[in-house]
Amino acid sequence: MSWVVVPAAGSGRRFGGAFPKQYLLLDGQPLIGHTLDRLAGHPAIDGIVVVLAAQDPHWPGWRERCGKPVLTCVGGAERADSVLAGLRALPSSVSDDEFVLVHDAARPCLRAADLEALIEQGQRHPVGALLAAPVRDTLKRGDDELAVLGTEPRDGLWRALTPQMFRRGGLTRALEAALSAGVAVTDESMAMERLGLRPLLVEGSEDNIKVTTPADLALAEFVLSRG
Ligand code: C5P
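Reading guide: rules and limits
- Residues numbered from 1 in each chain as written.
- Predicted model: local features only at pLDDT ≥ 70, side-chain atom pairs only at ≥ 80, totals over all residues.
- Helix = DSSP H or I, 4+ residues; strand = E, 2+ residues; numbered from the N terminus.
- Buried ≥ 20, exposed ≤ 12 C-beta atoms within 10 Å, placed from the backbone.
- Contact = placed C-beta atoms within 7 Å.
- Near = placed C-beta within 6 Å.
- Nonpolar A, V, L, I, M, F, W, Y, C, P; charged D, E, K, R; others polar.
- Core = buried A, V, L, I, M, F, W, Y, C linked by C-beta atoms within 7 Å.
- UniProt positions renumbered as here; feature names shortened; annotations may be inferred.
- Pairing = 2+ DSSP bridges.
- Axes fitted to C-alpha atoms, helices over the stretch in contact; angles between N-to-C directions.
- pLDDT = per-residue confidence, 0-100.

Attention now goes to the overall build of the chain. Helix and strand counts for the chain come out as six helices and twelve strands. Dimensions of the chain along its principal axes, counting C-alpha atoms only, are 50 × 40 × 35 Å. Counting only residues that meet the buried cut, the chain has 38% of its 227 residues in that class. Looking at the chain alone, contacts between residues at least 24 apart form 69% of all its contacts between residues at least 6 apart.

So this is what it looks like as structure tokens:
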């Protein structure tokens, strides 16, 4: 059984428009509502901390989903600041040794089977784990003028997805260390890797997409419509 931190304090700059992407409507409810339902609807999840932007006028004020508690706190300038705020806002009943999950609000299409595989494999691993998908495209390195400099071998390369799963205390210390060193960590695993730790990759579904552009929104709608 685990708590989940859901960072939802982003402004959605890359999506365009003034409205944060996590509140765009998907099949009649805000994108973040789908994300929370997929998490709270699973028996392995105890409760959720949603990390919101300061003075977020869009949050509908949910205090529970599917009968599970939903707590909120205020995030920070970067995703790592927001995740750290969420870890600090977890109830005191969650010990430092307990595994917690971190899952982006902008990923509404998480499958129960992926969540189960992550928890099952992650809790047996000394460090923790993350969902990930193998890179399938050919990778090019380009310069500022968009000239191709070369082709990067894709063997052994994975795209990091969420959820990611680490012990509350260890992840808190890893994020604190990264932030105080001024290192921009874009996921939880990266903060752990900086300390020489080697999290486990758990292969997840390609359709666990992060809604970043309007095209992703249409794709998420399609994935959700298939159940
Ligand atoms: O910006 P990116 O797409 O990586 O954001 C991933 C998730 O992190 C989103 O759900 C976004 O709302 C959240 N985020 C956050 N605080 C920030 C930046 C992003 O909670 N400062």
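Let us look at the site of the ligand. Neighbouring the ligand are 17 residues; Pro 7, Ala 9, Gly 10, Ser 82 and Ala 105 lie closest to it. Put simply, the parts of the chain that give the shell around the ligand at least two residues each are strand S1 (2-8) and helix H2 (79-88). Its residues assigned to classes, the shell around the ligand shows seven nonpolar, six polar and four charged.

Attention now goes to the nonpolar core. In this structure, Val 4, Val 5, Val 6 and Val 51 are the most contacted members of the largest nonpolar core, which totals 52 residues. Ignoring any residue separated from it by four or fewer positions in sequence, one finds Val 4 in contact with Leu 39, Ile 45, Ile 48, Val 100, Leu 101, His 103 and Pro 163.

Another aspect to go through is the UniProt feature "site: Positions MEP for the nucleophilic attack" (unreviewed entry) in the chain. On the UniProt side, "site: Positions MEP for the nucleophilic attack" (unreviewed entry) is annotated at positions that read Arg 154 and Lys 210 here. For Arg 154, the location among the structural elements is in the loop between strand S10 (148-152) and strand S11 (158-167). Sequence-distant contacts of Arg 154, that is, excluding residues within four places in its chain, are made with Val 135, Thr 138 and Leu 139. Examined against the element boundaries, Lys 210 turns out to sit in the loop between strand S12 (200-203) and helix H6 (214-225).

The eight strands lie next to each other as S5-S6-S4-S1-S7-S11-S8-S12, forming an open sheet whose pairing is mixed. Pairing within the sheet leaves two strands with one partner each, and these edge strands are strand S5 (64-65) and S12. With five bridges connecting them, strand S4 (residues 45-52) and strand S6 (residues 68-74) associate as parallel partners. In the strand pairing of S6, Val 50 is matched with Thr 72. Against the sheet, helix H4 (residues 168-180) makes contact with strand S7 (99-102) and S11, and its axis sits at roughly 120 degrees relative to S11, the strand it touches most.

This brings us to unusual backbone geometry. Omega for the peptide link from Thr 162 to Pro 163 comes to 10 degrees, which places this bond in the cis form. Along the polypeptide, Pro 163 turns up in strand S11. For Cys 66, which is not glycine, the phi torsion reads 50 degrees and is therefore positive. With respect to the helices and strands, Cys 66 occurs in the loop between S5 and S6. Located in the positive-phi region is Leu 146, a residue other than glycine, with phi close to 70 degrees. As for its position among the elements, Leu 146 is in the loop between strand S9 (139-142) and S10.

For the rest of this paragraph, the subject is the confidence of the model for the chain. On average, residues of the chain score 95 in pLDDT, and 97% of them reach the 70 mark or higher. Confidence metrics for the complex model read pTM 0.96 and ipTM 0.98.

Alignment of S5 against S6, held across two bridges, turns out to be antiparallel. Bridged to Arg 65 within S6 is Lys 68. Adjacent in sequence and paired antiparallel, S5 and S6 are bridged by two residues, among which Cys 66 carries a positive phi angle near 50 degrees.

Before going further, it helps to spend a moment on the UniProt feature "site: Transition state stabilizer" (unreviewed entry) in the chain. According to UniProt, the feature "site: Transition state stabilizer" (unreviewed entry) maps to Arg 14 and Lys 21 in the numbering used here. Structurally, Lys 21 is set in the loop between S1 and strand S2 (25-26).

Since there are 3.6 residues in each turn of an α-helix, residues three or four apart along the chain are aligned in direction. When you tally the buried positions in helix H1 (residues 31-40), you get nine out of ten residues, the bulk of the element. Three or more residues of H1 are buried, namely Leu 31, Ile 32, Gly 33, His 34, Thr 35, Leu 36, Arg 38, Leu 39 and Ala 40.

What follows is about the environment of Asp 216. By the element assignment, Asp 216 lies in helix H6. On the basis of neighbour counts, which here come to 15 C-beta atoms within 10 Å, the residue Asp 216 falls in the partly exposed class. Those residues in contact with Asp 216, other than ones at most four positions away along the chain, are Ile 209 and Val 211.

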